[in-house]
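Chain by chain, the residues:
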Amino acid sequence: MRQPELTTLCYIEKDNKYLMLHRVKKEKDINKDKYIGVGGHFEYGESPDECLLREVKEETGLTLLSYKPRGIVTFIYGDATKPEERIVEYMHLYTADEFEGEMICCDEGDLVWVEKSEVYDLPIWEGDKIFFKLLEEREDYFSLKLVYSETNELVQVVTV
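Residues numbered from 1 in each chain as written. Predicted model: local features only at pLDDT ≥ 70, side-chain atom pairs only at ≥ 80, totals over all residues. Heavy atoms only, no water.

Chemist: An account of the overall build of the protein is needed here, citing residue identities and associated values.
Modeler: Counting secondary structure elements, the protein contains two helices and nine strands. N-terminal to C-terminal, the α/β element order of the protein is β-β-β-β-α-β-β-β-α-β-β. Its C-alpha atoms give the protein principal-axis dimensions of roughly 45 × 35 × 30 Å. Considering only intrachain contacts with a sequence separation of at least 6, the fraction spanning at least 24 residues in the protein is 66%. When the accessible surface of the protein is summed, it comes to about 8,800 Å², and 50% of that surface belongs to carbon and sulfur atoms. (Helix = DSSP H or I, 4+ residues; strand = E, 2+ residues; numbered from the N terminus. Contact = heavy atoms within 4.5 Å. Areas by Shrake-Rupley, 256 points an atom, 1.4 Å probe, with all protein chains shown as cover.)

Next up, the structure:
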């Protein structure tokens, strides 16, 4: 049985825009050609906040000064006929509205400021549309479970 993956994802906000990462630089990338926030996998012993701050700095060059945990998103994906091989990921979702530093080039894709109203028109995961809606509508911390098929089709959504 696989161990769950632990990750962070952050949407940095400025002037009614989100900083998005257009994932175009890695060949073997489940997010290839999609727009996502910035973040990544925990290093051993890191807290969610420590992972967030390190990943944002590595990917953008920015240091977050004000950020807020918004929810936990559970992803399940892979071959449903082999449940022991399915990937389970617990993603700590954040937003940030204050930062300092100069933006750098990211080796995982292109960093782009996108109008919040245009995010839904980008190539993003179907489940991302759900948590963007939750970020817009809710101030409280939420829990969201997204189950994808082996063909990356969203097949189950559970919101708390």
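Having seen it, we continue.
Chemist: A description of unusual backbone geometry should follow, citing residues and the corresponding values.
Modeler: Of note, the phi angle at Asn-16 is positive, near 60°, even though the residue is not glycine. Take Asn-16: it is sitting in the loop between β1 (5–14) and β2 (17–22). Located in the positive-phi region is Asn-152, a residue other than glycine, with phi close to 65°. Checked against the element boundaries, Asn-152 lands in the loop between β8 (142–148) and β9 (154–159).

Chemist: Break down the nonpolar core for me, with residues and values.
Modeler: Cys-10, Tyr-11, Ile-12, Met-20, Leu-93 and Phe-131 are the most contacted members of the largest nonpolar core, which totals 39 residues. With five residues, the top contributor of residues to this core is strand β6 (residues 87–100). Sequence-distant contacts of Cys-10, that is, excluding residues within four places in its chain, are made with Gly-37, Val-38, Leu-52, Val-56, Leu-64, Tyr-94, Thr-95 and Ala-96. (Core = buried A, V, L, I, M, F, W, Y, C linked by side-chain atoms within 4.5 Å. Buried < 20%, exposed > 50% of the residue type's maximum accessible area, 1.4 Å probe, protein only.)

Chemist: A description of helix α2 (residues 126–137) should follow, citing residues and the corresponding values.
Modeler: It helps to recall that an α-helix has 3.6 residues per turn; residues three or four apart then point in one direction. For α2, spanning 12 residues, the distance from its first C-alpha to its last is 17 Å, which sits close to the expected 16 Å at 1.5 Å a residue. Buried within α2 are the following residues: Gly-127, Asp-128, Phe-131, Phe-132, Leu-134 and Leu-135. Burial along α2 is one-sided: seen end-on, the buried residues are contained in an arc of 160°. Within α2, the exposed residues directed more than 90 degrees away from the buried face are Glu-136 and Glu-137. (Expected span 1.5 Å × (residues − 1). Arc of directions from axis to C-beta.)

Chemist: So what's going on with the packing of aromatic side chains? Which residues, and what values?
Modeler: Enumeration over the complete set of coordinates arrives at nine aromatic pairs. Between the aromatic rings of Tyr-11 and Phe-131, the centroid separation amounts to 6.3 Å while the plane-to-plane angle is 45°, which identifies the pairing as tilted. Taken together, the residues span a long stretch of sequence, with Tyr-11 in strand β1 and Phe-131 in helix α2 at a distance of 120 residues. The burial state of Tyr-11 is the same as that of Phe-131; both residues are buried. (Phe/Tyr/Trp six-rings, centres within 6.5 Å; stacked < 30°, edge-to-face > 60°.)

Chemist: An account of the environment of Leu-21 is requested, with residue identities and associated values reported.
Modeler: Residue placement: Leu-21 occurs in strand β2. Note on Leu-21: relative accessible area 0%, which makes it buried. Contact partners of Leu-21, with chain neighbours within four places excluded, come to Lys-34, Tyr-35, Ile-36, Gly-37, Val-38, Glu-59, Cys-106, Glu-108, Gly-109, Asp-110 and Leu-111.

Chemist: Can you explain the pairing of β1? Please cite residues and give values.
Modeler: The side chains of a regular strand alternate between the sheet's two faces. Of all 10 residues that make up β1, seven are buried, and the element is covered over most of its length. In terms of strand pairing, β1 meets β6 through eight bridges, oriented parallel. Paired with Leu-9 across the strands is Leu-93, a residue of β6. Of the strand pairs in this sheet, β1 and strand β4 (residues 38–41) are connected by four bridges, and their pairing is antiparallel. In the sheet register, Thr-7 faces β4, and the bridge partner there is His-41. (Pairing = 2+ DSSP bridges.)

Chemist: Can you tell me about the side chain of Arg-54, naming the residues and giving the values?
Modeler: Checked against the element boundaries, Arg-54 lands in helix α1 (residues 48–60). Among the residues examined, Arg-54 registers a relative accessible area of 17% and is labelled buried. Within the structure, the side chain of Arg-54 is placed 3.2 Å from the side chain of Glu-55, a separation counted as a polar contact. For Arg-54, the contacting residues outside a window of four places in its chain are His-41, Phe-42, Glu-43 and Glu-46. (Polar contact = N/O pair within 3.5 Å; in protein donor to acceptor, adjacent residues only side chain to side chain.)

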